[in-house]
Amino acid sequence: MPGTKPADPFLSTAWLAAGRSLERPPAGVRDTVTLRLELTDPPPGAPPAVDVAVDLAAGRLGVAAAAGEPPGLRITLPHAAARALLLGSPQERAGVFERGDVRAEGNFSLLFFIDAALRRDGSGHVAALRAAAGLTGSRETGETAGVEEETEATGAVGAKEAAEAVERAREALPGTVREIEREVGTSTPGAQLHVSLDGVTLADAGLGEARPGVPMTHRSLPLWYCCAKPLLSAALGRLWEAGAYDPYLPVAHYLPEFGGEGKESITSMDLLTHTGPLPTGDDPLHGVVAGPDGERLRRALGVAVPPHSRRAPGVNYSQWWAWFVLARILPAADGREYRPYVEEEILGPCGMADTRVHLTPEDFAAFGDRLPLIHVSNPGSAPQPTHWWSTEAATTRCIPGVNTRGPLSDLGRFLTMLLRGGNAPGGRVMSPTTAAALTARHRTGLYDRYGNADWGMGFRLECRHLGEEFTSFGTHTSPRSYGHDGLWTAVAFADPDAGLTVAVHLNGKVEHERHRERIIRIADAVYDDLRLC
């Protein structure tokens with residue numbers, strides 16, 4: 001009929017047939033991962049759900065109507081979002097989780113590696129499936145290239161100043177810089193390093209690239225990922241010290257809307273030690289972690305805890321849900337929202353002037369196209385730049401414990417404040433007792449498959465004494481060391497026995513075992529260089 005809109009070929013019978021004609025990924029091997037897409041609005045003739053197999057090494061894709069038991073990652077989303085996820089640009093793929101109408105369950109971290117495989121398209125399967133869907137043209141949209149130095153907004157750093165910073169680091173920590181240089185250009189395009197001893201900076205340098213064409217310097221603003229979680233711990237610690245908050249009371253005491261649905265007895269301490277009853281794969285913010293504020297708030301506070309999970313002991317690491325909920329306690333107890341509280345009471349006194357709890361729209365307009373991008377390495381391929389946490393929506397939304405950005409020198413200042421018992425250049429942030437309480441052992445006797453064991457109030461603790469597989473930061477760090485990791489990209493820790501702070505960011509994400517090996521090797525090199533072994 002005249003004026004009738006043609007049917008979308010994506011997921012049509014013909015499109016699925018085109019997918020079946022491609023060489024399928026090998027089944028039952030580690031490099032092949034599978035996700036299920038469940039459509040909320042399947043068009044006529046399209047299956048309501050499809051299973052997508054992705055060969056992370058060779059990039060082969062297999063798409064078929066869903067059958068059998070669901071795989072470990074399931075995403076419920078509209079048809080248009082499914083098309084963007086499989087066939088769109090990296091920016092469009094990241095935007096799927098900024099919409100507000102997507103839900104994901106299971107191993108969400110697989111998406112980083114799936115994203116890299118789809119972008120590289122080593123087999124040409126993505127291009128073939130785009131053509132079958134009637135999509136033409138490049139999937140890439142505006143990569144920055146050829147930038148010689150950073151803008152004023154991020155701290156203008158010329159090539160000479162950046163090179164001098166690297167040379168100072170090399171002179172103080174030659175073995176450490178050598179280990180980082182082994183990774184730059186292989187597992188990661190760039191790196192940033194900060195080391196201080198007894199409050200004196202020994203190394204503060206950036207190497208390699210932040211994103212294509214943009215150098216990584218000591219003034220770049222890498223994404224801290226979960227290394228930012230201790231900022232909220234410190235904020236709650238201050239309120240605890242003031243008598244305005246008790247981590248052992250139910251969260252619902254401060255947030256009545258959090259009560260019900262099996263959450264009545266969940267305490268802040270449960271969430272801070274990642275022992276709450278909600279398994280990691282069931283994080284309610286998986287599909288909207290960077291979505292609209294109202295939808296995130298609705299899902300975070302309204303989630304129901306299954307009866308069988310309500311008091312099951314164990315580690316349930318919360319990437320974002322718990323920290324989103326905990327941040328809501330600040331305005332309930334103090335009147336200030338998370339960002340102004342952290343800026344005024346922690347960043348300001350510590351002198352962390354370049355750290356952004358989250359960017360403003362003005363920040364993004366000024367230097368958003370020069371922020372370091374996370375790159376992801378799949379087996380046998382070079383790191384691929386992705387746009388997770390780098391779009392305007394993600395960088396400008398408050399996502400406590402995830403999307404804070406700043407030079408690692410600022411992270412070092414925060415750790416030094418804790419080493420000094422809460423004392424900072426701009427005034428006391430907390431008492432020595434509070435600093436000690438935050439970094440004490442509040443979770444013991446529990447561990448997970450990633451080598452995490454004892455935990456403080458939002459701090460990972462050194463646990464090498466429990467066995468080599470529980471080494472948290474390095475083979476020479478003292479048992480009193482504390483800090484945090486940033487999902488297979490970063491680590492930051494303080495060692496009170498040595499008076500040492502170390503922060504490393506590698507903007508190339510690799511699988512857990514590979515990342516753990518490189519971080520321990522770099523941390524050990526610091527101790528070797530400083531003869532602290």
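The structure we're discussing is the one just above.
For the structure given in this document, a descriptive report is provided here. (Residues numbered from 1 in each chain as written. Predicted model: local features only at pLDDT ≥ 70, side-chain atom pairs only at ≥ 80, totals over all residues. Heavy atoms only, no water.)

A few words now on the environment of Gly 499. If you trace the backbone, Gly 499 turns up in the loop between strand S15 (490-495) and strand S16 (500-506). For the pair Gly 499 and Asp 198, spaced 301 residues apart in the sequence, the C-alpha separation amounts to 4.9 Å. With residues near it in sequence (within four places) discarded, Gly 499 still touches Ser 196, Leu 197, Asp 198 and Leu 419. (Helix = DSSP H or I, 4+ residues; strand = E, 2+ residues; numbered from the N terminus. Contact = heavy atoms within 4.5 Å.)

Let us now look at the pairing of strand S7 (residues 200-211). Side chains on a regular strand alternate between the two faces of the sheet. By the bridge criterion, eight bridges tie strand S6 (residues 190-197) to S7 in an arrangement that is antiparallel. Paired with Leu 193 across the bridge in S7 is Ala 205. In this antiparallel pair of consecutive strands, S6 and S7, the connection spans two residues, and Asp 198 shows a positive phi of 50 degrees. Bridge count between S7 and strand S8 (residues 214-215): two bridges; the pairing is antiparallel. Each bridged residue has a counterpart across the sheet, and for Glu 209 the counterpart in S8 is Pro 215. Taking the residues that link successive antiparallel strands as the turn, the S7-S8 hairpin has two residues, and the phi of Gly 213 there is positive, at about 85 degrees. (Pairing = 2+ DSSP bridges.)

Glancing now at the sheet that holds S7. If you trace the seven strands from one edge of the open sheet to the other, you get S8-S7-S6-S16-S15-S14-S13, paired in antiparallel fashion. Since the sheet does not close on itself, it has two edges, and those belong to S8 and strand S13 (460-461), each with one partner. Both S6 and S16 contribute to a ladder of seven bridges, which runs antiparallel. In the strand pairing of S16, Leu 193 is matched with Val 504.

What follows concerns the sheet that holds strand S4 (residues 73-77). Across the sheet, five strands lie side by side as S3-S2-S1-S4-S5; this open sheet has mixed pairing. What marks the edges here is a single partner per strand, and that holds for strand S3 (61-65) and strand S5 (103-106). The mean angle between the axes of side-by-side strands here comes to 20 degrees, regardless of whether they run parallel or antiparallel. Sheet topology places strand S1 (residues 32-39) next to S4; four bridges connect them, and they run parallel. Note that in S4 the partner of Leu 37 across the bridge is Ile 75. Those strands touched by helix H2 (residues 79-87) are S1, strand S2 (49-55) and S4, and its axis lies near 160 degrees from that of S1. (Axes fitted to C-alpha atoms, helices over the stretch in contact; angles between N-to-C directions.)

Per the counting criterion, the structure on display carries 15 aromatic pairs. Where Phe 108 meets Trp 320, the ring centres are 5.6 Å apart and the plane angle is 85 degrees; that geometry is what we call edge-to-face. Of this pair, Phe 108 sits in the loop between S5 and helix H4 (110-120) while Trp 320 sits in the loop between helix H11 (293-302) and helix H12 (321-333); the two residues are 212 residues apart in sequence, bridging distant segments of the chain. For the pair formed by Phe 108 and Trp 320, the shared burial category is buried. Residues Phe 473 and Phe 493 carry aromatic rings whose centres are separated by 5.0 Å and whose planes lie at 20 degrees to one another, so their mutual orientation is stacked. Of this pair, Phe 473 sits in the loop between S13 and strand S14 (482-486) while Phe 493 sits in strand S15, and the two are 20 residues apart along the sequence. You'll find Phe 473 and Phe 493 in the same group, each marked buried. Among the aromatic residues, those joined into a ring-pair cluster are Phe 97, Phe 108, Phe 112, Trp 320, Trp 388 and Trp 389. (Phe/Tyr/Trp six-rings, centres within 6.5 Å; stacked < 30°, edge-to-face > 60°. Buried < 20%, exposed > 50% of the residue type's maximum accessible area, 1.4 Å probe, protein only.)

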